[in-house]
Amino acid sequence: MAAKLKEYLKDPFLNDLYRQIRAAGTIRSISMDITHVCNIRCAGCYYFSDHMDEGHPTADEATFDAFLDAEARRGTNFITIVGGEPSLKPDRLRKITRRFKASVSTNGLKKIPMEGLEENLSIGVSVWGNAQTDRRLRGSGKVDIFPRALKNYRNDPRAFWYYTALPGYAEQIEDVVAQCVDNGNYVLFNFYGDVARFGDKMDHRRGFEKVRAAIERVIERFPERIFMTRYVSEVVSTGRLYDQEWSYDVCTSFSTDNPVNFERMKNGNPYSPHFRAYNADLTTTRRCCTGIDRDCASCFDVWQHFSWIILNMRKHLGSKAEFTRWLTTMYMFYLINRLVDFESGVRHIPEIHRRLKEAEPLTMAAVG
Ligand SMILES: C[S@@+](CC[C@H](N)C(=O)[O-])C[C@H]1O[C@@H](n2cnc3c(N)ncnc32)[C@H](O)[C@@H]1O
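S.K.: What is the right way to look at the overall build of the chain in this model?
M.R.: Secondary structure summary: the chain contains 15 helices and 10 strands in total. Once the C-alpha set of the chain is aligned to its principal axes, its extents read approximately 55 × 45 × 40 Å. Residues counted as buried form 45% of the 368 residues belonging to the chain. Put simply, of all contacts in the chain between residues at least 6 apart along the chain, 69% involve residues at least 24 apart.

Given below as structure tokens:
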């Protein structure tokens, strides 16, 4: 393994990415619901579909402060903030980012202020298709969320769009991305899981082939602004990683303190030992960030798939092209979350896309 790594790292570009990641050190991450309250109801939101807001009311201030102290003592250095809607709790965001690096997911309706939140925060602003689709699916047909979010995060250096791609709305991707890029922002994709079983255009069982093709087109058109790589797009949307098929047994990010996962921890597949997904009470954890007992076949969560690739480095050592897929995945994760220097790091994005295109013919089907 060491010999192969040494050989691949003779390439100065790969060496530079690798060096930056090593310099950032080990990431010990958790996810936390900062509140169980949300100001909208997205159609088929996994959080409310799985009733994760019930029985775990938002922690009071003393519990919140004690929680941050305990996590600092435990060695946590990165927090993914979800909910509920995190923008409803800006003071808590300030408390978190004073001590930890963090990434927050917001629906974009209420701006996360800049004051006291300039540092240590990456903001993923959610959108689900074009303005009309988004209004219908996230705004209950009444609220124009996307235009408001565009205004809230225009040229905001902390922001990127976290675009949930729906299988039947692939043709909307390119125009929306053009607007996001024009707004001065970056774009990452996530794939819709039809947990509420709406079916038809929302049904993940239709597959994401058209979505993948649309992502490919926007990478070609805006190579400097797309955080999603061809490789990550393929792994998330097909659920294939070499000999593994996406399932609970191979997922690497689940609460390791929660007895529900103790059997999984014995099956020999890698996992993040530090990770926990805390409910809004900040006292209990749930099975994983996106589920209590959800069928993992409906999970296309991009963060969990990033982790799946990252923790399976060994599978990617067969050739320089495969190692490039692994390393660029790892690097993008660090870059999006500002764990490496962002300003200089984003300049590598076009070269990352170029190299992955070059390495294209080896698809998962071919190596699996
Ligand atoms: C549950 S939300 C919580 C944070 C915040 N309220 C927001 O809207 O970003 C976290 C992310 O999951 C996405 N999401 C919710 N339900 C989903 C589903 N069924 N499939 C894929 N993504 C989903 C949201 O769009 C958002 O980007």
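S.K.: Mind showing me how you'd approach the packing of helix H2 (residues 12–24) against helix H12 (residues 320–336) here?
M.R.: Angle between the axes and distance between the axes: these two values describe a pair of packed helices. Contact geometry for H2 and H12: axes closest at 10 Å, N-to-C directions at 45 degrees. Relative to H12, the element H2 lies oblique. Considering only the axes of H2 and H12, their crossing is left-handed. When H2 is examined against H12, the residues Leu 14, Leu 17, Tyr 18, Ile 21 and Ala 24 are found in contact with a partner set consisting of Thr 324, Leu 327, Met 330, Tyr 331 and Tyr 334.

S.K.: I tried to follow the pairing of strand S3 (residues 101–106) on my own but got confused; where do I start?
M.R.: Remark: a regular strand shows side chains that alternate across the two faces of the sheet. Counting buried positions over the six residues of S3 gives five, a clear majority of the element. In this structure, strand S2 (residues 78–82) lies alongside S3, joined through four bridges in parallel fashion. If you follow Ile 81 over to S3, its bridge partner there is Val 104. Crossover connection from S2 via helix H5 (residues 90–99) to parallel S3: handedness right-handed. Strand direction decides the pairing type here: S3 and strand S4 (residues 121–127), joined by five bridges, are parallel.

S.K.: Where do I start with the pairing of strand S5 (residues 159–165) in this structure?
M.R.: By the criterion of burial, S5 is predominantly enclosed, with seven of the seven residues buried. Of the two faces of S5, the one holding Ala 159, Trp 161, Tyr 163 and Ala 165 and the one holding Phe 160, Tyr 162 and Thr 164 are both buried throughout. By the bridge criterion, five bridges tie S4 to S5 in an arrangement that is parallel. Note on S5: the bridge partner recorded for Gly 124 is Phe 160. Judged from the six bridges that link them, S5 and strand S6 (residues 186–191) form a sheet pairing that is parallel. Residue pairing across strands places Phe 160 opposite Tyr 186, the latter belonging to S6. Regarding the hand of the β-α-β motif, the stretch spanning S5, helix H8 (residues 173–182) and S6 is right-handed.

S.K.: Honestly, the site of the ligand in this entry has me stumped. Any pointers?
M.R.: Around the ligand sit 19 residues in total, of which Cys 45, Tyr 47, Ser 105, Asn 107 and Ser 126 are the nearest. Among the elements of the structure, helix H3 (46–49), S3 and S5 are those that each provide at least two residues to the shell around the ligand. Of the residues contributing to the shell around the ligand, the split by class is nine nonpolar, nine polar and one charged.

S.K.: I would appreciate a short explanation of the nonpolar core in the present structure.
M.R.: As a rule of thumb, soluble globular proteins bury nonpolar side chains together. Core analysis: the biggest nonpolar cluster contains 94 residues, and Ile 81, Ala 165, Ile 173 and Val 187 have the highest contact counts within it. Counting residues per element, this core draws most heavily on H12, at eight residues. Residue contacts for Ala 165: discarding those within four places in its chain leaves Ala 170, Ile 173, Phe 189, Phe 191, Tyr 192, Phe 208 and Val 211.

S.K.: Help me understand the sheet that holds S2, please; the structure alone is not making it clear to me.
M.R.: With mixed pairing, the eight strands of this open sheet are ordered in space as S6-S5-S4-S3-S2-S1-S9-S10. Looking along the sheet, the strands with just one partner apiece sit at the ends: S6 and strand S10 (285–286).

S.K.: Help me understand the packing of helix H4 (residues 61–74) against H5, please; the structure alone is not making it clear to me.
M.R.: Where H4 meets H5, the closest approach of the two axes is 11 Å, and the angle between their N-to-C directions is 20 degrees. Taken together, the axes of H4 and H5 lie roughly parallel to each other. You can see that H4 and H5 cross each other, and the crossing is right-handed. Taken together, the residues of H5 that come into contact with H4 (itself represented by Phe 64, Leu 68 and Ala 72) are Arg 92, Lys 95, Ile 96 and Arg 99. Of the residues in the contact of H4 with H5, the class split is four nonpolar, no polar and three charged.

S.K.: Honestly, unusual backbone geometry in this entry has me stumped. Any pointers?
M.R.: In terms of backbone geometry, most residues other than glycine have negative phi values and most peptide bonds are trans. That bond from Gly 83 to Gly 84 is cis: its omega, 25 degrees, falls within 30 degrees of zero. Here Gly 84 shows up in the loop between S2 and H5. With phi around 65 degrees, Asn 120 is a residue other than glycine that occupies positive phi space. Tracing the backbone through its elements, the reader meets Asn 120 in the loop between S3 and S4. Accessibility expressed as a C-beta count within 10 Å gives 18 for Asn 120, which makes it partly exposed. Of note in this structure, Asn 155 is not a glycine but carries a positive phi near 55 degrees.

Conventions and cut-offs
- Residues numbered from 1 in each chain as written.
- Predicted model: local features only at pLDDT ≥ 70, side-chain atom pairs only at ≥ 80, totals over all residues.
- Helix = DSSP H or I, 4+ residues; strand = E, 2+ residues; numbered from the N terminus.
- Buried ≥ 20, exposed ≤ 12 C-beta atoms within 10 Å, placed from the backbone.
- Contact = placed C-beta atoms within 7 Å.
- Axes fitted to C-alpha atoms, helices over the stretch in contact; angles between N-to-C directions.
- Parallel < 35°, antiparallel > 145°, perpendicular 65-115°, else oblique.
- Left-handed = near helix turned anticlockwise from the far one by under 90°.
- Pairing = 2+ DSSP bridges.
- Right-handed = clockwise from strand over helix to strand, strands pointing away.
- Near = placed C-beta within 6 Å.
- Nonpolar A, V, L, I, M, F, W, Y, C, P; charged D, E, K, R; others polar.
- Core = buried A, V, L, I, M, F, W, Y, C linked by C-beta atoms within 7 Å.

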